[in-house]
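Each chain, written out:
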Amino acid sequence: MAAVGQQRADRIMANIVRMTYDGKSLPTDLAKWRPRFLLEAIPEILETKKAHYRLFREAFPGIEIRSVTSGFRVRSWSGRGASGLSARSEQGLEVVEQQPSSITQLLWALGLIPIPVSDDWSFVLDVLFCGLMLAGLRCHRATNMPFWKIDKYVRSRWGRTRSGPTT
């Protein structure tokens, strides 16, 4: 919010529709909103993702679609030059595109920092991220250690903490 201010952020959010649906048919009143941008976060089942995209593209030709999940390479689910977005930190997002799209530029203007990655590296980073997440969940279940403490431990060993690099 600091990049645009609370009042401007509230005005932006007033124009965003958030919804869920059954994955088979779109809500009848969705058309009145004339969606032009879809940010999806659906399960990483390739056929489900493809069907989801197909459904939206048929109903709204030209809609810009981005995924917040990158478990698959963009070329395997997009079928065309779509981009992937993956929010891996508070302000950074991975983008898989040749040139910054208007959506990436919009998110950049809102204070997010686009980090260009190749499709292959996005996939590799997602696999590593998911592996760390799974290990953290297993640690939590085995020891009942709080999630914040697991996160702090992982960051101290393999990343940066909020106060800076570890020594």
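What you are looking at is a predicted structure, and each value in this text was computed from that prediction instead of being measured.

Procedures and definitions
Residue positions within a chain follow its written sequence, with the count starting from 1. Residue-level local features of this predicted model are given only where pLDDT is at least 70; pairs of side-chain atoms are given and counted only at 80 or more, and the full residue set underlies all totals for whole chains, interfaces and linings. Heavy atoms from the whole structure form the basis of all side-chain values; hydrogens and water molecules are not counted. Only strands that DSSP links by at least two bridges are regarded as paired with each other. Helix and strand definitions follow DSSP, with helices as H or I runs of at least four residues and strands as E runs of at least two, each counted in order from the N terminus. A crossover gets the label right-handed when its path from the first strand over the helix to the second runs clockwise, viewed with the strands pointing away from the viewer. Given the number of residues in a helix, its expected span is that number minus one, multiplied by 1.5 Å. Think of it in three bands: residues with accessible area under 20% of the maximum for their type are buried, residues over 50% are exposed, and the middle band is partly exposed, with areas taken using a 1.4 Å probe on protein chains only. As used here, the term nonpolar core means buried Ala, Val, Leu, Ile, Met, Phe, Trp, Tyr and Cys residues forming a set that is joined through side-chain atoms within 4.5 Å. The contact definition used throughout considers only heavy atoms, calling two residues in contact when any of these lie within 4.5 Å. The rule is short: rings of Phe, Tyr and Trp, with Trp giving its six-membered ring, pair when the centres are within 6.5 Å, and they are stacked under 30 degrees, edge-to-face over 60, tilted in between. Only residues whose relative accessible area exceeds 30% and that take part in no salt bridge are eligible for patches, with like-charged residues grouped when within 9 Å of each other and nonpolar side chains (Val, Leu, Ile, Met, Phe, Trp, Tyr) grouped when within 5 Å. Only the protein chains shown count as cover for residues, and the accessible areas themselves come from Shrake-Rupley with a 1.4 Å probe. We define a salt bridge as a contact between a side-chain nitrogen of Lys or Arg and a carboxyl oxygen of Asp or Glu at a distance within 4 Å. A residue's pLDDT is the confidence the predictor assigns to it, expressed on a 0 to 100 scale.

Time to look at the pairing of strand β2 (residues 64-67). On a regular strand, each side chain points to the face opposite its neighbour's, so the side chains alternate between the two faces of the sheet. Bridging between strand β1 (residues 37-40) and β2 involves 4 bridges; their strand directions are parallel. Pairing of leucine 38 across the sheet is with isoleucine 65, part of β2. Between the parallel elements β1 and β2, the chain passes through helix α2 (residues 46-59) in a crossover that is right-handed.

What follows deals with α2. Its 14 residues give α2 an end-to-end C-alpha distance of 20 Å, which sits within 8% of 20 Å, the value for a rise of 1.5 Å per residue. Buried residues of α2: Lys49, His52, Tyr53, Leu55, Phe56 and Arg57, and no others.

Another point: the nonpolar core. Ranked by size, the top nonpolar core spans 9 residues in total: Leu26, Leu30, Leu38, Tyr53, Leu55, Phe56, Phe60, Ile63 and Ile65. Among the elements that make up this core, the one with the highest residue count is α2 (3 residues). The contacts of phenylalanine 56, once residues within four sequence positions are left out, are Tyr21, Leu26, Leu30, Leu38, Ile63 and Ile65.

Let's shift gears to the environment of methionine 133. Of note, methionine 133 is situated in helix α5 (residues 119-143). Methionine 133 sits 21 residues away from valine 154 along the chain, and the two C-alpha atoms are 10.0 Å apart.

By the secondary structure assignment, leucine 55 is in helix α2. Leucine 55 sits 30 residues away from serine 25 along the chain, and the two C-alpha atoms are 7.7 Å apart. Every residue in contact with leucine 55, bar those within four places of it in the chain, is listed here: Tyr21, Gly23, Lys24, Ser25 and Leu26.

A word on the packing of aromatic side chains. For the structure shown, the criterion picks out 2 aromatic pairs. Judged by centre distance (5.7 Å) and plane angle (80°), the ring pair of tyrosine 21 and phenylalanine 56 falls under edge-to-face. Here the residue tyrosine 21 occupies a position in the loop between α1 (6-13) and β1, and phenylalanine 56 occupies one in helix α2, the gap between them amounting to 35 residues. Note on phenylalanine 56 and phenylalanine 60: the rings are 6.4 Å apart at their centroids and 35° apart in plane angle, and the pair reads as tilted. The same class applies to phenylalanine 56 and to phenylalanine 60, which are both buried.

Bringing a nonpolar patch on the surface into the picture now. A cluster of nonpolar side chains, Val17, Met19 and Trp33, forms an exposed patch at the surface whose accessible area comes to about 290 Å². With respect to the helices, strands and loops of the structure, methionine 19 is situated in the loop between α1 and β1. Residue classification places methionine 19 among the partly exposed residues on the basis of a relative accessible area of 36%.

Per-residue confidence for the chain averages 74 on the pLDDT scale, and 69% of its residues sit at or above 70. At the low end of the mean pLDDT range in the chain sits strand β3 (residues 83-87), at 49; at the high end sits α2, at 86. Across residues 86-90, confidence stays below pLDDT 50; counting only partners more than four residues off in sequence or on other chains, it has 17 contacts. Segment residues 161-167 is flagged for pLDDT under 50; beyond a separation of four residues in sequence, or across chains, it makes 8 contacts in the model.

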